[in-house]
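# Secondary and tertiary structure notes
Given next are the chains, with one letter for each unit.
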Amino acid sequence: MTIKTLTHHDRTEMSVDEIYAELSEKLGAFTPDFELRIKAELAHEINRLKRERNAVILGHNYMEPALYHSIPDFVGDSLGLSRKAAQTDKDVIVFCGVRFMAETAKILNPARTVLLPSEKAGCSLAESITAEDVRGLRRRFPGVPVVTYVNTYADVKAESDICCTSSNAAAVVESLDADAVIFLPDEYLARNVARETGKHIIFPVKTPHGLHMDDHIDYQMIGWHGRCEVHEKFSVQDIEMVRAQFPDVVVLAHPECSPDVVDAADFSGSTNAMIRFVEEMDAPRYLLLTECAMGDNIAAANPHKEMVRLCSVRCPHMNEITLEQTRDALLYNQYVIEVPEDIRVRAYRAVERMLAIG
Ligand code: 13P
Ligand code: SF4
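The structure contained in this document is the topic of the report that follows.

Conventions adopted
Residues numbered from 1 in each chain as written. Chains lettered and ligands numbered in written order. Predicted model: local features only at pLDDT ≥ 70, side-chain atom pairs only at ≥ 80, totals over all residues. Heavy atoms only, no water. 1 Å grid on protein atoms, 1.4 Å probe; cavity = no way out; pocket = protein on both sides within 12 Å on 5 of 7 lines; lining within 4 Å. Points joined across faces, edges and corners; volume = space filled by probe spheres on them. Helix = DSSP H or I, 4+ residues; strand = E, 2+ residues; numbered from the N terminus. Nonpolar A, V, L, I, M, F, W, Y, C, P; charged D, E, K, R; others polar. Pairing = 2+ DSSP bridges.

Turning next to the layout of surface pockets. Put simply, the largest pocket is a space of about 330 Å³. Lining the largest pocket are 22 residues, with Ser166, Glu196, Pro255, Ser268 and Gly269 sitting closest to its centre. Of all elements in the fold, only α9 (169–175), α10 (187–197) and α13 (271–280) reach the threshold of two or more residues within the lining of the largest pocket. Counting residues per element, the lining of the largest pocket draws most heavily on α10, at five residues. Classifying every residue of the lining of the largest pocket gives nine nonpolar, nine polar and four charged. Contributing to the lining of the second largest pocket are 13 residues, with Ala55, Val56, Asp73, Phe74 and Lys90 lying nearest its centre. Residue classes in the lining of the second largest pocket are distributed as three nonpolar, four polar and six charged.

A few words now on the sheet that holds strand β8 (residues 181–184). On the basis of which strands lie adjacent, the open sheet formed by five strands has the order β7-β6-β8-β12-β9 and parallel pairing. In this open sheet, the two strands that pair with only one neighbour each are β7 (162–164) and β9 (201–202). Across three bridges, the pairing between strand β6 (residues 146–149) and β7 is parallel. Within β7, the residue paired with Thr148 across the bridge is Cys163.

Next up, the structure:
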């Protein structure tokens, strides 16, 4: 299961003082008190608006700590949150995450109003490929199934046979009864999946005359050159430096990191898999090679475990989502996510096929 409910009681009923007390307990060690007070007031207002609008708030694991620990009804990774979006009967889904996640919610549950609190919350992977790029690959490799990472926009999903997330990518590739697959658009995730599944991989080069590649190589996976602008920053040298200083450190890397980094780490998995791993492991110290806010969120939930920081690495898109923006989303009904119905129906097939795999 890739989702967890934040509290056993209904958080929307909490007073400002109760929210403040909870935030203080979890975040007081590294957040100024006046900031927690302001954020508690904002969270209280958001909870009131959430009740008024009959809304559900979904929060990705990369949300900043005060938001993560106060307003979401559910927190989780891309896969878990898309399941929650598909299941909800609330009128409004506020997606505290990035655009492709909010679009996936709309694809799965079109009768709801889906709000993304910032217009600027994009993703470098989603920007790296267009629907026409996918059509070009299909022309070049007729009959080869297309697996698309969920970190893409709806029109790209609509050109795909099946989607995947970081938590099920290898399972999705292995579920296809095919000699070869096209896997888009994350180069590093594709390389990591190719290694995990024992497949050979090539990357076509885009030229003015179309797609170019060496036809004589034996390959079963065709990739693309998209990169996550956050995870591509981590290097093996980072790991070596931290290991030299803290020999007992346990290193976790998201599969959007390069294969060398994943190799040098002790564990690789989706954001939820990393959270679970730290919760279940007994080691005193962890290095998380992923978005920095998640390290703060794990530290808050596991006060006796130390998170070693490389904290200049924040996702600028996830960072766009603040408590203020979330309040305004509910107040002013912004920013409404729309997906044209012909695209939605085709994208739905690819996402639903993935969800059926589990
Ligand atoms: P998860 O599916 O692991 O949450 O990853 C989403 C993402 O955008 C990671 O950068
Ligand atoms: Fe996209 Fe990377 Fe940000 Fe995730 S961390 S939303 S993959 S840019």
